[in-house]
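Tertiary structure, described
Spelled out from the first residue to the last, the chains are:
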Amino acid sequence: MQNLHIIPDSVSDRSAVFTEPLAAAFEVLEQVDIKPSHRVAVLGDGKLGLLVAMVLRRTACKLVCVGKRHERLGILSKLGIETMEASAARNIEWEYDVVVDATGSASGMQDAARMVKPRGTIVMKTTVADQRAIDLNALVINEITVTGSRCGPFPKAIEALKKGEVDPEPLISCIMNLDGGAAILENAKRKDVIKALISIQ
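Criteria and thresholds
- Residues numbered from 1 in each chain as written.
- Predicted model: local features only at pLDDT ≥ 70, side-chain atom pairs only at ≥ 80, totals over all residues.
- Heavy atoms only, no water.
- Pairing = 2+ DSSP bridges.
- Helix = DSSP H or I, 4+ residues; strand = E, 2+ residues; numbered from the N terminus.
- Axes fitted to C-alpha atoms, helices over the stretch in contact; angles between N-to-C directions.
- Contact = heavy atoms within 4.5 Å.
- Right-handed = clockwise from strand over helix to strand, strands pointing away.
- 1 Å grid on protein atoms, 1.4 Å probe; cavity = no way out; pocket = protein on both sides within 12 Å on 5 of 7 lines; lining within 4 Å.
- Points joined across faces, edges and corners; volume = space filled by probe spheres on them.
- Nonpolar A, V, L, I, M, F, W, Y, C, P; charged D, E, K, R; others polar.

**Examining the sheet that holds strand S2 (residues 62–67)**
Spatially, six strands are ordered S3-S2-S1-S4-S5-S6 in an open sheet, and the strand pairing comes out parallel. Two strands close off the open sheet at either side, each with one partner strand: strand S3 (82–85) and strand S6 (145–148). Strand-to-strand twist of the sheet, defined as the mean angle between neighbouring strand axes without regard to direction, takes the value 20°. Relative to S2, strand S1 (residues 39–43) runs parallel, the two being bridged by five bridges. Counted as the bridge partner of Val-40 is Leu-63 from S2. Running over the sheet, helix H4 (residues 70–77) touches S2 and S3 and is turned about 165° from S3. The strands touched by helix H5 (residues 108–115) within the sheet are S1, S2, strand S4 (96–101), strand S5 (116–124) and S6, with S5 carrying the most contacts at an inclination of about 150°.

What follows is the structure in structure tokens.
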């Protein structure tokens, strides 16, 4: 029983399925003290990147989410979160106190290292099989703190869902019936799908 978390009846099943990635987003705040005065960039417009941006918005920091897909960034824009196309961020250097890499790409760390201010913090949410060389000298010279970040606090995620402080349902791209067979997996692999749910009713 110690590994089970009770979901309040007020939280829909559609929202509850986001508990684990939302907890991972909250882990950033467990590790880094983000203040309203901080400039923060979240790199990546995948499910995790969007959730991290939604969570960090609660700190009232000067936040921007950088991504490649206009329709995904539009979800954040509707919440009042500033967004930026990845192509527009390529020439940005030393502007952010905190940069969260949730790109899922080996190049994410390079972008984060370029964009973070001296004595700033990079939070690594990305795990990839590919390896790419990073200029460690720049991290040392600029005294950058690099923090690995993985899972997070389920209770805080559940509480945020309960209070309606984070609404993940706009990230649901489709709901498919269990009898859909192989088409379920094929649909879930589409690049325009953020979160695919399977109904077993």
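**As for the pairing of S6**
When S5 meets S6, the two strands line up parallel, connected through four bridges. Among the inter-strand pairings, Val-123 is bridged to a residue of S6, identified as Thr-147. In this region the chain leaves S5, passes through helix H6 (residues 136–141) and returns to the parallel neighbour S6; the handedness of that crossover is right-handed.

**Brief notes about the layout of surface pockets**
Rolled over the atoms, a probe as big as a water molecule pinpoints where empty space is left. The space that makes up the largest pocket amounts to roughly 600 Å³. Considering the residues around the largest pocket, the lining is formed by 27 residues, among which Gly-44, Ala-102, Thr-103, Gly-104 and Ser-105 are closest to the centre. At the level of secondary structure, the elements contributing two or more residues to the lining of the largest pocket comprise helix H3 (47–56), S2 and H5. If you tally residues by element for the lining of the largest pocket, the top one is H5, at four residues. The residue makeup of the lining of the largest pocket, split by class, is seven nonpolar, 11 polar and nine charged. In this structure, the second largest pocket encloses a volume near 230 Å³. Taken together, Asp-13, Arg-14, Val-17, Ile-175, Leu-197, Ile-198, Ser-199, Ile-200 and Gln-201 form the lining of the second largest pocket. Elements with a minimum of two residues in the lining of the second largest pocket: helix H1 (13–16) and strand S8 (195–199). Element by element, the count of residues in the lining of the second largest pocket is highest for S8, at three residues. When its residues are assigned to classes, the lining of the second largest pocket shows five nonpolar, two polar and two charged.

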